[in-house]
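Examining the three-dimensional arrangement
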Amino acid sequence: MSAEPICGADIVIRALVDQGVDVVFGYPGGAVLPIYDSLFKQNALRHILVRQEGGAVHAAEGYARSTGRVGVVLVTSGPGATNAVTGLTDALMDSVPIVCLTGQVPTHLIGNDAFQEADTTGITRPCTKHNYLVKDVADLARVLHEAFYVAKSGRPGPVVVDLPKDVLFAAGPYSGPEQAQHKSYRPQLHPDPARVAEAAALIVAARKPLFYGGGGLVNSGPEACARFTELVRTVDAPCTLTLMGLGAFPASDPHFLGMVGMHGLYESNMAMHGCDLLIAVGSRFDDRVTGRLNAFSPGSKKIHIDIDPSSINKNVRVDVPLLGDCAAVLGALLGECKTAPRPEGAARQAWWKEIDAWRARDCLRYDRARRDLIKPQYALERLYALTRDRDPFITTEVGQHQMWAAQFYKFDKPYHWMTSGGLGTMGYGLPAAMGVQVAHPGALVIDIAGEASILMNIQEMSTIAQYRLPVKAFILNNQYMGMVRQWQELLHGGRYSESYTAALPDFVKLAEAFGAKGMRVERPDELDDAIRAMIETPGAVVLDVAVDQTENCFPMIPSGAAHNEMLLGPADKAEQPVSEEGMVLV
Amino acid sequence: MTDNIERHTIAVLVDNEPGILARVVGLFSGRGYNIDSLTVAEVDRANRLSRITIVTSGTPMVIEQIKAQLSRLVPVHRVHDLTDEGPFVEREMALIKVVGRGEARIESLRIADIFRASVIDTTTESFVFELTGSAEKLNAFIALMEPLGLVEVSRTGAVAIARGPAKF
Ligand SMILES: Cc1ncc(C[n+]2csc(CCOP(=O)(O)OP(=O)(O)O)c2C)c(N)n1
Ligand SMILES: [Mg+2]
């Protein structure tokens with residue numbers, strides 16, 4: 001307890017500092033001016049001034065996901081708060097720990113339609129893990145510490161703290177983060193040992209096991225990923241990862257089959273369809289992963305490790321639920337599996353043979369012979385080849401380029417891949433890259449972008465310029481909302497309604513206008529030099545790569561189809577036209 | 001696992017803080033769950049805890065989700081599925097206004113007597129009955145009042161508690 005009462009705004013700053021926060025992404029306005037004044041008078045906290053509040057939340061997400069720490073956002077009331085809603089929803093869907101401080105009109109004006117008033121707690125209730133409205137400065141310090149506890153414990157997520165302006169001016173007591181637990185919220189971290197033994201017995205006895213790791217594994221941390229890797233290797237089982245899980249298991253390890261799901265690899269999806277034991281770890285049987293539910297992995301028993309009880313048995317019935325933190329559960333499982341007697345490996349050998357046959361289909365093949373135009377896959381293969389030894393951080397926007405990035409860029413470690421999975425938010429990648437770069441000033445940070453998506457938050461180029469962040473935007477420019485065009489081709493008779501962008505900016509000039517270096521390539525033989533120039537340029541770069549406008553992203557499980565009904569290329573026509581049920585799916 | 005629709009009575013102990021009811025109701029509407037009835041009041045003044053009783057219906061998988069989703073709300077302390085956890089008693093109260101004269105009026109009073117409803121307001125042409133019991137009993141009473149001049153019903157929704165000495 002601090003002896004002297006201090007003003008609410010100073011309490012905010014002190015609480016952030018005591019929580020170990022070193023940077024806040026924000027944008028000022030009337031309701032938060034007291035906090036900005038307190039910020040001005042101190043040096044412990046750095047503030048990154050974004051150009052739109054949506055950018056602040058994505059930047060905080062990039063910061064959080066590349067460090068495993070809580071990302072912090074500060075915005076004003078009304079439009080400041082509503083601009084943050086997309087980012088908050090994104091963070092909720094992908095379980096990213098964020099604390100977002102929003103200004104509010106003074107308590108006596110709440111409910112009066114005051115200038116820049118919005119019902120922020122009402123609006124953000126369904127898109128946050130939890131939110132608070134602080135009406136009394138005496139509660140402020142406790143609530144702030146509690147917000148950090150809630151954001152990062154259990155399944156992480158965004159927390160909003162709404163701060164009326166009078167509370168920021170009022171003087172109140174400060175208390176530190178020592179007792180900052182919520183009075184009742186205690187996620188279960190350690191699994192039931194009987195269930196662990198049951199799961200271990202299934203794993204060692206399985207003939208065709210498959211590990212299926214997701215974002216929860218990354219959220220649990222590097223320790224969980226290391227244990228997961230050791231477990232997969234110990235039992236010599238194949239392993240697949242979701243879009244959110246990439247990096248949790250080394251892509252270079254032969255046990256890795258590649259990403260699973262709608263644009264996952266053939267071998268991954270076939271293995272999921274054909275396995276006799278599926279071990280889901282921090283993954284949530286999302287519809288992008290399962291395809292048609294009644295045909296999903298029909299012959300397997302299922303083990304599900306997750307910290308969130310509501311993820312278990314939500315979409316798919318599982319046989320052995322293991323509630324707890326991935327690191328703790330995997331540690332326990334590893335202990336059991338190491339000491340268990342090895343069954344004879346003949347069945348496992350047969351399983352690997354089956355998998356090798358699927359791998360031999362080479363599902364990511366594309367027309368490599370083209371010399372006249374750049375295939376997007378080729379661009380990503382070259383980007384990977386020329387940047388992999390620099391331990392880069394990759395963010396993406398949303399669309400075909402995102403799926404190609406997931407397929408062609410390989411990650412051996414967690415925290416290096418940031419993409420908007422659950423919400424699929426175009427405009428995520430550039431501000432997220434900015435946040436990553438703030439957290440890792442010396443690192444190579446690349447936003448693999450589509451030309452449509454990047455325009456949704458292009459204003460953040462100005463933030464990038466202000467803080468001299470050497471972010472690289474690698475645009476796969478097909479002049480289309482490629483993913484939309486692909487679906488129109490598949491489901492709507494090729495009627496490309498509004499998916500072509502007729503008046504794109506000149507990205508080179510645009511980069512220059514923001515003080516960055518702009519480059520454009522159109523021919524495959526110029527590509528390597530351009531990528532090298534991009535890496536070698538000390539500051540921010542926009543590399544506009546003109547790619548094949550007609551290329552589609554394969555493999556693909558069409559909506560409403562099962563894992564064994566994948567389309568491998570343009571020549572593959574779906575056996576049956578997409579079902580009516582499939583048509584209505586997103 | 002069946003796809004049968006089951007009716008469950010769920011008791012939820014929550015922090016009595018602003019917005020908690022909106023959180024619970026928003027969860028049900030946002031995820032498309034049914035609310036047959038919902039009641040709430042503070043039950044522990046010292047610890048500022050409220051008890052919400054929700055009667056809902058859904059397949060077993062949906063009921064399980066409802067409970068898991070409720071437990072996930074930060075201010076929720078405990079979730080109990082009374083229907084699953086053994087014998088429990090459930091009561092609902094209704095205030096029922098019946099308007100009429102003559103034989104219908106006398107008949108409504110007779111039926112009220114059989115149901116042990118009490119008259120808590122009367123004029124020469126109206127009664128307000130207070131009746132407590134299971135939802136079925138209330139439904140039956142209301143149905144009988146229908147032809148006798150029923151004009152208005154106000155119901156509390158169910159409250160429920162487990163039988164026996166065990167504490168929630
Ligand atoms: C904010 C937002 N609006 C709309 C969509 C729907 N959508 C998904 S992908 C896509 C096209 C993306 O185009 P581009 O960024 O050029 O990527 P490409 O698919 O061409 O690689 C659209 C419009 C979305 N995901 N997010
Ligand atoms: Mg495009």
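These figures come from a predicted structure and were not determined experimentally.

1. What about the overall build of chain B?
Scanning chain B from terminus to terminus reveals four helices and nine strands. Principal axes of the C-alpha set define a box for chain B whose edges measure 55 × 45 × 35 Å. Contacts in chain B between residues far apart in sequence, at least 24 positions, make up 71% of those at least 6 positions apart. Here chain B displays about 8,800 Å² of accessible surface, and carbon together with sulfur accounts for 54% of that area. Charge-centre separation for chain B: the mean point of 19 positive side chains lies 4 Å from the mean point of 22 negative side chains.

2. Regarding the site of ligand 1
Residues and elements named next belong to chain A. Taken together, 17 residues form the shell around ligand 1, and within it Q400, H401, G424, S453 and G482 come nearest. Contact between ligand 1 and E451: an oxygen atom at 3.0 Å from a side-chain N or O atom of the residue. Residue N478 places a side-chain N or O atom 2.9 Å away from an oxygen atom belonging to ligand 1. Notes on ligand 1: free accessible area 590 Å², of which the protein chains cover 76%. Among the residues forming the shell around ligand 1, the class breakdown is eight nonpolar, eight polar and one charged.

3. Topic: helix α16 (residues 376-387) of chain A
All names here are of chain A. The terminal C-alpha atoms of α16 lie 16 Å apart, and with 12 residues this matches the ideal 16 Å at 1.5 Å per residue to within 8%. The set of residues buried in α16 consists of P376, Q377, A379, L380, L383, Y384, L386 and T387. Considering only its buried residues, α16 is in contact with α17 (400-408), β17 (445-450), β18 (472-477), α23 (524-536) and β20 (541-546).

4. Observations regarding the interface of chain B and chain A
Many authors give the size of an interface as the accessible area that is lost as the parts come together. Counting from both sides, the interface comprises 16 residues of chain B and, opposite them, 19 residues of chain A. In terms of surface lost to chain A, no three residues of chain B exceed B:R23, B:M61 and B:V74, which account for 41% of the buried area on that side. Linking chain B with chain A are three salt bridges. For A:K183, the salt bridge identified is with B:D15, shortest N-O distance 3.4 Å. In this assembly, chain B and chain A are joined by eight residue pairs in polar contact (both at pLDDT 80 or more). Listing elements by their share of the side of chain B that touches chain A, those giving two or more residues are α1 (20-30), α2 (60-72) and β4 (76-81) of chain B. With six residues, the single largest contributor to the side of chain B that touches chain A is α2(B). Residue composition of the side of chain B that touches chain A, grouped by class: seven nonpolar, four polar and five charged.

5. Remarks on the sheet that holds β4(B)
Residue and element names in this part refer to chain B. Read across the open sheet, the four strands follow the order β2-β3-β1-β4; overall the sheet is antiparallel. Two strands in the sheet have a free side with no partner beyond their single neighbour: β2 (37-44) and β4. For this sheet, the mean angle separating the axes of adjacent strands, direction not counted, is 20 degrees. Pairing analysis gives 10 bridges linking strand β1 (residues 6-15) to strand β3 (residues 49-58), with the strands arranged antiparallel. Residue T9 lies in a different strand from β3, and its bridge partner there is V55. Strands in contact with α1 are β1, β2 and β3; relative to β3, the strand with the most contacts, it is inclined by about 10 degrees.

6. Details of the coordination of the magnesium ion (ligand 2)
Residue and element names in this part refer to chain A. Protein-derived ligands of the magnesium ion (ligand 2) are E451 (OE), E451 (OE), N478 (OD1) and Y480 (O), with the metal-ligand distances lying across 2.1 to 2.6 Å. Each of the six donor atoms bound to the magnesium ion (ligand 2) contributes to angles spanning 52 to 173 degrees, and the resulting shape is irregular. Read from N- to C-terminus, the donor residues coordinating the magnesium ion (ligand 2) fall into the pattern E-x26-N-x1-Y. With E451 in helix α19 (residues 451-454) and N478 in the loop between β18 and α21 (482-491), this residue pair connects regions lying 27 residues apart in the sequence. Of the two residues examined, E451 and N478, each falls in the buried class.

7. Digging into the sheet that holds β18(A)
Residue and element names in this part refer to chain A. The six strands are arranged β16-β15-β17-β18-β20-β19 in an open sheet whose pairing can be described as parallel. Lying at the two open borders of the sheet, with one neighbouring strand each, are β16 (417-418) and β19 (517-521). In terms of strand pairing, strand β15 (residues 393-396) meets β17 through four bridges, oriented parallel. Within β17, the residue paired with T395 across the bridge is D447.

8. Quick look at the pairing of strand β3 (residues 46-49) of chain A
Residues and elements named next belong to chain A. Here four bridges tie strand β2 (residues 23-26) to β3, and the two strands are oriented parallel to one another. When the sheet's bridge partners are listed, V24 is paired in β3 with H47. Of the crossover connections in this fold, the one passing from β2 over helix α2 (residues 33-40) to the parallel β3 is right-handed.

9. Quick word on the nonpolar core
Residue and element names in this part refer to chain A. If you look at the biggest cluster of nonpolar residues, it comprises 109 residues, and the most contacted ones within it are F211, F228, F474 and V545. If one sorts the elements of this core by residue count, helix α14 (residues 326-339) sits on top with seven residues. Contact partners of F228, with chain neighbours within four places excluded, come to F211, G213, L217, C239, L241, A248, F249, V281 and L330. Grouped together as the second largest cluster of nonpolar side chains are 47 residues, A60, V438, A449 and V471 included.

10. Focus on the domain arrangement of chain B
Residues and elements named next belong to chain B. For chain B, the assigned domains read domain 1 (6-81) and domain 2 (89-160). Placing a centre on the C-alpha atoms of domain 1 and another on those of domain 2 gives a separation of 29 Å. Tallying the contact residues gives eight residues for domain 1 and seven residues for domain 2. Of the roughly 510 Å² buried at the junction of domain 1 and domain 2 (both faces included), carbon and sulfur atoms supply 43%. Of all residues in domain 1, R7, T39 and T53 bury the most surface against domain 2, accounting for 57% of the area lost on that side. Scanning the region where domain 1 abuts domain 2 turns up one salt bridge. Here E90 makes a salt bridge to R7, at a shortest N to O gap of 3.2 Å. Taken together, the connections running from domain 1 to domain 2 amount to five residue pairs in polar contact (both at pLDDT 80 or more).

11. Quick notes on unusual backbone geometry
Leaving glycine out, the prevailing phi sign among residues is negative, and the prevailing peptide bond configuration is trans. All names here are of chain A. Each neighbour pair has its own omega, and for F554 with P555 the value is -5 degrees, a cis peptide bond. Here P555 shows up in the loop between β20 and α24 (580-584). For R468, which is not glycine, the phi torsion reads 50 degrees and is therefore positive. Considering the arrangement of structural elements, one finds R468 in the loop between α20 (460-466) and β18. By relative accessible area, which is 74% here, R468 ends up exposed.

12. Focus on the state of the cysteines
Residue and element names in this part refer to chain A. Applying the stated criterion to the full structure yields zero disulfides over all chains. C326 provides the cysteine sulfur closest to C225, a residue in no disulfide bond, and the two sulfurs are 8.4 Å apart. The closest cysteine sulfur to the non-disulfide-bonded C337 is located on C239, 14 Å from its own sulfur. Exposure remark for C337: the relative accessible area of 0% places this residue in the buried category.

13. Notes on the side chain of A:E397
All names here are of chain A. Looking at the secondary structure, you find E397 in the loop between β15 and α17. No salt bridge is formed by the buried E397; its nearest oppositely charged neighbour, R65, is found at 12 Å. Among the polar contacts listed, one links the side chain of E397 to the backbone nitrogen of G427, at a separation of 2.9 Å. Among the polar contacts made by the side chain of E397, one reaches the main-chain amide nitrogen of L430 at a distance of 2.8 Å.

14. So, the environment of A:A118
Residue and element names in this part refer to chain A. With respect to the helices and strands, the residue A118 is situated in the loop between β5 (98-104) and α6 (120-124). With 71 residues separating them along the chain, A118 and L189 place their C-alpha atoms 37 Å apart. Residue contacts for A118: discarding those within four places in its chain leaves G78, T82, Q104 and I123.

Basis of the calculations
- Residues numbered from 1 in each chain as written.
- Chains lettered and ligands numbered in written order.
- Predicted model: local features only at pLDDT ≥ 70, side-chain atom pairs only at ≥ 80, totals over all residues.
- Heavy atoms only, no water.
- Helix = DSSP H or I, 4+ residues; strand = E, 2+ residues; numbered from the N terminus.
- Contact = heavy atoms within 4.5 Å.
- Areas by Shrake-Rupley, 256 points an atom, 1.4 Å probe, with all protein chains shown as cover.
- Lys, Arg positive; Asp, Glu negative; His and termini not counted.
- Charge placed at Lys NZ, Arg CZ, Asp CG, Glu CD.
- Near = heavy atom within 4 Å.
- Polar contact = N/O pair within 3.5 Å; in protein donor to acceptor, adjacent residues only side chain to side chain.
- Nonpolar A, V, L, I, M, F, W, Y, C, P; charged D, E, K, R; others polar.
- Expected span 1.5 Å × (residues − 1).
- Buried < 20%, exposed > 50% of the residue type's maximum accessible area, 1.4 Å probe, protein only.
- Buried area = accessible area lost by both parts, 1.4 Å probe.
- Salt bridge = Lys/Arg side-chain N within 4 Å of Asp/Glu carboxyl O.
- Pairing = 2+ DSSP bridges.
- Axes fitted to C-alpha atoms, helices over the stretch in contact; angles between N-to-C directions.
- Donors = N, O, S within 2.8 Å, 3.2 Å for Na, K, Ca; no water.
- Tetrahedral: all angles 85-135°; square planar, octahedral: opposite > 155°, others 65-115°.
- Right-handed = clockwise from strand over helix to strand, strands pointing away.
- Core = buried A, V, L, I, M, F, W, Y, C linked by side-chain atoms within 4.5 Å.
- Domains from an automatic or database assignment.
- Disulfide = S-S within 2.5 Å.

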